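Architecture at a glance
Below, each chain spelled out in residue letters.
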Amino acid sequence: MGCRKEEKFTPCCWDTTKPIEEKLNFKDPLVEIGFGNGDFTVELARRFPEKPILAVDKWHPGVRALVHKCLNQKLNNLYVFNLDANLFVEYLLKPNQVEAFYFNYPDPFFKKRDIKRRLLKTSFLRWVAFKLKDGGKVYIRTDIEDYYNYILEQLEPLKGIFQIERSFDWKLPTTKYEQKALREGRKPLKLLLIKLKTPEGLEDREVEPLRSVKIENYNPQRVYKNLELKDPKRGYFLKVEETYKGEKVDLIETFVGEEGFYQQVFIAVYKSPSGFVVRPKSFAVGVRSLSWAVEELAKLLS
Ligand SMILES: C[S@@+](CC[C@H](N)C(=O)[O-])C[C@H]1O[C@@H](n2cnc3c(N)ncnc32)[C@H](O)[C@@H]1O
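What counts and what doesn't
- Residues numbered from 1 in each chain as written.
- Predicted model: local features only at pLDDT ≥ 70, side-chain atom pairs only at ≥ 80, totals over all residues.
- Heavy atoms only, no water.
- Helix = DSSP H or I, 4+ residues; strand = E, 2+ residues; numbered from the N terminus.
- Buried < 20%, exposed > 50% of the residue type's maximum accessible area, 1.4 Å probe, protein only.
- Core = buried A, V, L, I, M, F, W, Y, C linked by side-chain atoms within 4.5 Å.
- Domains from an automatic or database assignment.
- Near = heavy atom within 4 Å.
- Polar contact = N/O pair within 3.5 Å; in protein donor to acceptor, adjacent residues only side chain to side chain.
- Areas by Shrake-Rupley, 256 points an atom, 1.4 Å probe, with all protein chains shown as cover.
- Nonpolar A, V, L, I, M, F, W, Y, C, P; charged D, E, K, R; others polar.
- Phe/Tyr/Trp six-rings, centres within 6.5 Å; stacked < 30°, edge-to-face > 60°.
- Lys NZ or Arg CZ within 6 Å of the ring centre and 35° of its normal.
- Pairing = 2+ DSSP bridges.
- Axes fitted to C-alpha atoms, helices over the stretch in contact; angles between N-to-C directions.
- Contact = heavy atoms within 4.5 Å.
- Parallel < 35°, antiparallel > 145°, perpendicular 65-115°, else oblique.
- Left-handed = near helix turned anticlockwise from the far one by under 90°.
- Buried area = accessible area lost by both parts, 1.4 Å probe.

1. Side note on unusual backbone geometry
A negative phi angle is the norm for most residues apart from glycine, just as the trans form is the norm for most peptide bonds. In the Ramachandran plot, K74 falls in the positive-phi region, its phi being about 55 degrees despite a non-glycine side chain. With respect to the secondary-structure elements, K74 resides in the loop between α2 (60-72) and β3 (78-82). Looking at K74, the relative accessible area reads 69%, which means it is exposed. At N226, a position not held by glycine, the phi torsion is positive, near 75 degrees.

Right, dumping it as structure tokens:
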């Protein structure tokens, strides 16, 4: 999903048909995480035409909608990423790069067993601080008091890292969820975090070149829908969603992940003069779990 030239997409969106093997080279970007239908993003891009606006969501229909809004309105400072936010923040942003992060009405995951899926927890907020410039800001809005209190708890260990304000004056553009909350009688609760210092104990994670493995023999039936592989020691996992047979290339649709995130990646098998090659084909971020997944699939297929 992304800006494809044949559809006359302008370069206002990141070309998410291509793998990303290096960090994003934007100066002082504003980053919105979980943009939903993208109304806020468009408004932000309009208010700050000179700034790069990076917008991240893992919900396909929202990504599609925002790409179209971006093109219709001829915004040339907006970059849309269809990715898990953990992966985006940890791997693709540089330390001390970001001017501001915006989290508008992140999913509250009410059920007890789902609370671990909440995005704004200590470990993730530490990465956010690591990627923020000194004095950089994080704007958070939620209509769910329980989540608001949860975020405050999660911020306890980060008190020296962030200055924490329980409100902010700046009138941010509204969002679809905010409108829904207001209609249903819930008030927006706000938090402003200002980076005071860089957290210790984190090491920047490099994006890796995508792994490509040659095999001599190819046994396609060894990889099938719903196949699951794990490396419990490193917390890596792979699930085969579907397999597709093509004339020149076979594709294996997978979910590949490690603790905290996953990405959907198509892995191709195609014929080469000396045998076959297995490698990621679709938009993918070069991380270790993906290299592992390509190697495991190649072993199975050969
Ligand atoms: C409740 S909606 C809010 C949407 C929008 N910000 C608004 O206020 O209307 C939360 C959004 O966050 C996205 N989201 C949740 N977890 C995410 C993650 N780990 N990475 C990227 N996006 C995520 C969801 O797909 C969804 O679009």
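2. Structural notes on the nonpolar core
If you look at the biggest cluster of nonpolar residues, it comprises 73 residues, and the most contacted ones within it are F88, F101 and F103. The element contributing the most residues to this core is helix α7 (residues 288-301), with 7 residues. Structurally, this core is a two-domain feature, drawing no fewer than three residues from each of domain 1 (5-195) and domain 2 (213-301). One finds F35, F40, I53 and Y139 within the second-largest nonpolar core, a separate group that totals 23 residues.

3. Comments concerning the environment of W127
Tracing the chain through its elements places W127 in helix α4 (residues 122-131). The spatial distance from the C-alpha of W127 to the C-alpha of T198 is 9.6 Å, given a sequence separation of 71 residues.

4. Brief notes about the site of the ligand
Looking at the ligand, there are 15 residues lining it, with G34, D57, A85, N104 and T175 nearest. The separation between a nitrogen atom of the ligand and a polar main-chain atom of G34 is 2.8 Å. T175 places a polar side-chain atom, nitrogen or oxygen, 2.7 Å from an oxygen atom of the ligand. Considered on its own, the ligand offers 600 Å² of accessible surface; in the complex 91% of this is hidden by protein. Here the shell around the ligand is composed, by residue class, of 6 nonpolar, 4 polar and 5 charged.

5. Focus on the packing of aromatic side chains
Counted by the stated rule, this structure contains 16 aromatic pairs. Taking 5.1 Å as the distance between ring centres and 5 degrees as the angle between the ring planes, the aromatic pair formed by Y102 and Y139 counts as stacked. One end of the pair, Y102, is in strand β4 (residues 98-104); the other, Y139, is in strand β5 (residues 132-142), and 37 residues separate them in sequence. Taken as a pair, Y102 and Y139 share a single burial class, namely buried. Within the aromatic cluster, the residues linked to one another by ring pairs are F40, F48, Y102, Y139, F168 and W170. The aromatic ring of Y150 is capped on one face by R118, whose charged end is 4.8 Å from the ring centroid.

6. Thoughts on the sheet that holds strand β13 (residues 275-280)
Strand order in the open sheet made by the 6 strands is β8-β13-β12-β11-β10-β9, with antiparallel pairing throughout. Here the strands that pair on one side only, and so sit at the sheet edges, are β8 (213-215) and β9 (228-231). Across this sheet, the average inter-strand angle for adjacent strands is 25 degrees, counted without regard to direction. Bridge count for strand β11 (residues 249-258) against strand β12 (residues 261-272) is 10 bridges, and the pairing is antiparallel. Of the residues in β12, the one forming a bridge with E258 is F261. Strands in contact with α7 are β8, β9, β10 (236-244), β11, β12 and β13; relative to β11, the strand with the most contacts, it is inclined by about 135 degrees.

7. Looking at the packing of helix α3 (residues 85-92) against α4
Direction vectors running N to C along α3 and α4 enclose 40 degrees, while the axes themselves pass 9 Å from each other. In terms of axis orientation, α3 runs oblique to α4. As α3 runs across α4, the sense of the crossing is left-handed. Of the residues in α4, those in contact with A85, N86, V89, E90 and Y91 of α3 are F124, W127, V128 and K131.

8. What to know about the domain arrangement of the chain
What the domain assignment lists for the chain is domain 1 (5-195) and domain 2 (213-301). Listed per partner, the contact involves 14 residues of domain 1 and 13 residues of domain 2. Where domain 1 abuts domain 2, roughly 1,100 Å² becomes buried across the two surfaces, and 65% of that area is made up of carbon and sulfur atoms. Of all residues in domain 1, I20, L87 and Y91 give up the largest surface area on contact with domain 2, accounting jointly for 40% of the area buried on that side. Viewed at the interface, domain 2 and domain 1 are joined by 4 residue pairs in polar contact (both at pLDDT 80 or more). When residues of the side of domain 1 that touches domain 2 are assigned to their parent elements, the largest contribution, 4 residues, is made by α3. Partitioning the side of domain 1 that touches domain 2 into residue classes produces 6 nonpolar, 5 polar and 3 charged.

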